[in-house]
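# Coordinates in review
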Amino acid sequence: MESLALAPWASRRRQDLLDLLDQFTPKILELTSRLEEVVEKRPVARRLPTHAGVGPLTALAFELVIGTPARFPCAKQIAGYVGLVPSEQSSGDGRRLGHISQPGNALLCFLLVEAAQVTVRSDPQWRSQFFHLAMRRGRKIAKVAMARKLAVELYSMWRRGWDYNEMPQLGSHAGEPGNRHGVQ
């Protein structure tokens, strides 16, 4: 990057930014190592990053904000608690879904949306679902929908004590032959 020829003012700006990067890198590495130490001591925060796209920060934030999975009788209530469900205006037989409800924890919402975007890039099934939603409803709504799905899956993993590789036993695979966890 330093080899590019720029105007004098742009070259100075580039050098200032590179100096800032050199100052912040050791601090970022120190905070990252401390975060990993904390996550290593918490079994739930160690399990959640087995899900594609979820890192230690998202896992720890999810665990700390949710508290205990026993607070919520079903996984869909997690999305409401975090603030990833659409608001609703109903009258008679008419039902209109609007923008997302007020966010419960803005940091957790942000982390879930970011993690869902990484999951969409790395998991073909998630990518397919995202693009299907994005074509019908738009990219912004699809991002929030995928974050909501991620929150529900993380809650299910936590409640059952499963890693991500055990999750395909649920959902559309229930009842298939050889699936001992599905409905028979």
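Computed from a predicted model, the values in this text were never measured in an experiment.

## Side note on the overall build of the chain
- Along the chain, the regular secondary structure elements total seven helices and two strands.
- The linear arrangement of helices and strands in the chain, starting from the amino end, is α-α-α-α-β-β-α-α-α.
- Counting only contacts in the chain whose residues sit at least 6 apart along the sequence, the fraction spanning at least 24 positions is 46%.
- Taken as a whole, the chain presents about 12200 Å² of accessible surface, with 56% of it coming from carbon and sulfur.

## Let's talk about the nonpolar core
- In this structure, Leu48, Phe62, Ile78, Val82, Leu112, Leu150 and Leu154 are the most contacted members of the largest nonpolar core, which totals 38 residues.
- At the level of elements, α3 (56–66), α4 (76–82), α5 (106–122), α6 (124–137) and α7 (139–160) are the ones that each hand at least two residues to this core.
- Ranked by residue count, the leading element in this core is α7, at 11 residues.
- When residues no more than four places from it in sequence are discounted, the contact partners of Leu112 are Thr58, Phe62, Val82, Leu84, Ala147, Leu150, Ala151 and Leu154.

## Points about the packing of aromatic side chains
- Inspection of the entire model under this criterion finds three aromatic pairs.
- Summarising the aromatic geometry, the rings of Phe130 and Phe131 are spaced 5.3 Å apart at their centres and angled 70° between planes, so their arrangement reads as edge-to-face.
- If you follow Arg71 out to its NZ or CZ, it ends over the ring of Tyr81, 4.9 Å from the centre.
- Between the NZ or CZ atom of Lys149 and the centre of the ring of Trp126, over which it lies, the distance is 4.6 Å.

Conventions used here
- Residues numbered from 1 in each chain as written.
- Predicted model: local features only at pLDDT ≥ 70, side-chain atom pairs only at ≥ 80, totals over all residues.
- Heavy atoms only, no water.
- Helix = DSSP H or I, 4+ residues; strand = E, 2+ residues; numbered from the N terminus.
- Contact = heavy atoms within 4.5 Å.
- Areas by Shrake-Rupley, 256 points an atom, 1.4 Å probe, with all protein chains shown as cover.
- Core = buried A, V, L, I, M, F, W, Y, C linked by side-chain atoms within 4.5 Å.
- Buried < 20%, exposed > 50% of the residue type's maximum accessible area, 1.4 Å probe, protein only.
- Phe/Tyr/Trp six-rings, centres within 6.5 Å; stacked < 30°, edge-to-face > 60°.
- Lys NZ or Arg CZ within 6 Å of the ring centre and 35° of its normal.

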